[in-house]
Amino acid sequence: MKQTKDSFAYEYINATCKRIFKKDITGSTVDEILPLALATEIKRQYRISLESERPYTYRDYNLFSDNKLATETEVMPIFHGGNTYLLVISKNVAGQKKIEEDYSFYQSLVSNSVDPMIMITKNFSVFDMNSAYESAFGVRREDWIGKSYEEMPVMKQRLFEEIKFKLEKIKAGQAASSTIIERPKKDGMFTRYSVNYSPIVENGEIRAFHIVLRELTSEAKLKEELKKTENILESYKEALNYAALVAIWDMDGIIQFVNNNLKGTTGYDNEEMMAMNITEIGQTIISWKQYEAIRDTVLEGAIWRGEIKSRRKTGEIFWMDATVIPLMDGEGGIAQLLAIMFDITSRKQLEEQLRFMAYHDGLTKLPNRQMFVQEFSRIKALSDGKDQWVAMLYLDGDNFKRINDQYGHDIGDEFIYHFGQSIQKSIRQQDVVARVGGDEFLVALSGLEPMQGIKQTKEIIKRIKENLAEGWFIGQQEFSPTSSIGVAIYPLHANDLDDLVKKADSALYEAKKKGKNQVYFSEN
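Residues numbered from 1 in each chain as written. Predicted model: local features only at pLDDT ≥ 70, side-chain atom pairs only at ≥ 80, totals over all residues. Heavy atoms only, no water.

(A) Structural view of the overall build of the protein. Scanning the protein from N- to C-terminus turns up 18 helices and 22 strands. Relative to its 524 residues, the protein shows a buried fraction of 45%. Considering only contacts in the protein between residues 6 or more positions apart, those separated by 24 or more positions represent 52%. Of the accessible surface of the protein, which amounts to about 27500 Å², a share of 49% is contributed by carbon and sulfur atoms. (Helix = DSSP H or I, 4+ residues; strand = E, 2+ residues; numbered from the N terminus. Buried < 20%, exposed > 50% of the residue type's maximum accessible area, 1.4 Å probe, protein only. Contact = heavy atoms within 4.5 Å. Areas by Shrake-Rupley, 256 points an atom, 1.4 Å probe, with all protein chains shown as cover.)

(B) Here's a closer look at the nonpolar core. Core analysis: the largest hydrophobic core is formed by 38 residues, its most contacted members being Ile 118, Tyr 133, Tyr 149, Met 152 and Ile 211. Once residues lying within four places of it in the same chain are set aside, the contact partners of Tyr 133 are Pro 116, Met 117, Ile 118, Gly 138, Val 139, Tyr 149, Met 152, Arg 183 and Leu 213. Formed by 28 residues, the second largest nonpolar core is a distinct cluster that contains Leu 395, Ile 403, Leu 448 and Ile 461. (Core = buried A, V, L, I, M, F, W, Y, C linked by side-chain atoms within 4.5 Å.)

(C) Region of the structure containing the sheet that holds strand β14 (residues 317-328). Spatial ordering of the open sheet is given by β12-β11-β15-β14-β13, a layout of five strands whose pairing is antiparallel. Two strands bound the open sheet, and with one partner strand each, they are β12 (255-258) and β13 (304-311). Between one strand axis and the next, the sheet turns by 25° as a mean value, whatever way the strands run. Two strands pair when backbone bridges link them, and β13 and β14 are joined in this way by eight bridges, in the antiparallel orientation. Among the inter-strand pairings, Lys 309 is bridged to a residue of β14, identified as Trp 319. Helix α12 (residues 288-298) rests against β11 (245-250), β13, β14 and β15 (334-343) of the sheet, and its axis sits at about 160° to β13. Packing against the sheet, helix α13 (residues 345-359) makes contact with β13, β14 and β15, and its axis sits at approximately 130° to β14. (Pairing = 2+ DSSP bridges. Axes fitted to C-alpha atoms, helices over the stretch in contact; angles between N-to-C directions.)

(D) Highlighting the pairing of strand β5 (residues 83-92). Note: strand β4 (residues 71-80) against β5, 10 bridges, orientation antiparallel. Paired with Met 76 across the bridge in β5 is Leu 87. The turn linking β4 back onto β5 is made up of two residues, and Gly 81 within it adopts a positive phi angle of 60°.

(E) Here's a closer look at the packing of aromatic side chains. Summed over all chains, the structure comprises 11 aromatic pairs. Between Phe 8 and Tyr 46, the aromatic rings sit 5.2 Å apart at their centres with planes inclined by 90°, giving edge-to-face as the arrangement. Of this pair, Phe 8 sits in strand β2 (residues 8-9) while Tyr 46 sits in helix α3 (residues 36-52), and the two are 38 residues apart along the sequence. Of the two residues, Phe 8 and Tyr 46, both sit in the buried class. With a centroid separation of 5.5 Å and an interplanar angle of 25°, the aromatic rings of Phe 419 and Phe 441 are classed as stacked. One end of the pair, Phe 419, is in helix α16 (residues 409-426); the other, Phe 441, is in strand β18 (residues 440-448), and 22 residues separate them in sequence. (Phe/Tyr/Trp six-rings, centres within 6.5 Å; stacked < 30°, edge-to-face > 60°.)

(F) Molecular detail of a nonpolar patch on the surface. A cluster of nonpolar residues, Ile 78, Phe 356 and Met 357, forms a patch on the protein surface that exposes about 220 Å² of accessible area. With respect to the helices and strands, Met 357 occurs in helix α13. In this structure Met 357 comes out as partly exposed when scored by relative accessible area, which is 31%. (Patch = residues over 30% accessible without salt bridge, like charges linked within 9 Å, V, L, I, M, F, W, Y side chains within 5 Å. Salt bridge = Lys/Arg side-chain N within 4 Å of Asp/Glu carboxyl O.)

(G) Spotlight on helix α14 (residues 369-386). Along its 18 residues, α14 runs 25 Å from first to last C-alpha, staying within 8% of the 26 Å computed at 1.5 Å per residue. Those residues of α14 that sit buried are Phe 372, Phe 376, Ile 379 and Ser 383. Viewed end-on, α14 has its buried residues packed into an arc of 70°, placing them on one side of the element. Tucked into the core, α14 has its buried residues touching β16 (389-397), β17 (432-435), β18 and α18 (497-513). (Expected span 1.5 Å × (residues − 1). Arc of directions from axis to C-beta.)

(H) Local environment of the confidence of the model for the protein. Per-residue confidence for the protein averages 83 on the pLDDT scale, and 87% of its residues sit at or above 70. Within the protein, the lowest mean pLDDT, 60, falls on helix α11 (residues 282-285), and the highest, 95, falls on β2. (pLDDT = per-residue confidence, 0-100.)

(I) View of the environment of Asp 329. Structurally, Asp 329 can be placed in the loop between β14 and β15. We classify Asp 329 as partly exposed; its relative accessible area is 25%. Taking the C-alpha atoms as reference points, Asp 329 and Ser 148, separated by 181 residues in sequence, lie 6.9 Å from one another. Apart from residues lying up to four places away in sequence, Asp 329 is in contact with Asn 123, Ser 148 and Ala 335.

Spelled out as structure tokens, the structure:
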């Protein structure tokens, strides 16, 4: 999009956009193409990005809305040549919307429930609890995650043995059921609860238990309350399993459980991963370095959270947002690690694309001025440490305006692309080239030895001229251009980038005064 006086015009649209609009809308404004209300809202979102001068993301849907369309739009402002542009990328996130709705539902059920709820592993260590449980029994969630359920201060030995007996019977195959117990609240007063014990089963194996306590005011409400609790727990489990990738391994790294979502992401069958060591498929799920970092964290009983870059069975890269939780055994030791992960590959790919666009010229794909400044700072530091020179070449193509006038801007753009690639091919790996104008390029030649620096610079300039003279074809038309070049050397002619570029620009001016295809070295 290109900002106009009071709107935004479509400067370029890709093939997908053309299919959506069913025509090429290039040159039109949003006001001309879209309904008034929609155009007004889109312009408002675009201006938010411009005011912040940074990438901005917005969505055109609300959770639980009836609208089946779900779009997420990334807006990135670009300021170039005195004009203001916006790179606008929209993607369909209907699947993400469904996940968010499920996760929001899960959070609402658990976090906002007025009934105390706690989840414990099959080895009776605390996995999670809600605020109602904390309030009722005077415990803090962060103090007990991963610790033994038996050791909680309100858990009298007789009461724990009763609960453990009940859960062991469920693990042995008895159907989940409810019971009535009396247990003390944080003030010491005993209160009567209906308690529902619900197993979380994956692939036929019990992994954990949900325990929900509902304070009873009358026996007549018991059956109704238990039924509500069962529905809540089933929704809790389904929402988690739908949205997340789940894996469990022991402290020796042996994988003991994965859910079907993980199979779809990694490309490995569940049977392949079961009983394998996590390090054997480390590039698929976790790198060895990250495995050690996670291990160091969880051995202290803490929860590890971070992003993991991994590799599918096919070799493709994917990204996950992962939380790894230590699961304690009955004696307070760490028995297993539980990983709950979400695939964030699309977001990371978009971030990489936007990062590349922010630091590279859109036409030639070479570094832009912003990246060149960063690279020169690095090159200068290396050269200072080794007492070496850096040569700054300012190149300007000869007669580029004639090519645009004679062949049109499309051919002119492709010409500039080949021009930049020809320069890139001529320099060394440690050198940097950037496009800074229409047909103007800066080249920083690094690692030049003072005694040989001028000679080395002239040799590279010779290669640039030879490669340009070799030329290229665009369609049936052959081009073999020339370039005027001004040269300034750090630290002979200047001590910082701005002054060095100015000296090289002045040298370029002198080269052009001598005619075409000339080179001029700065003299002061």
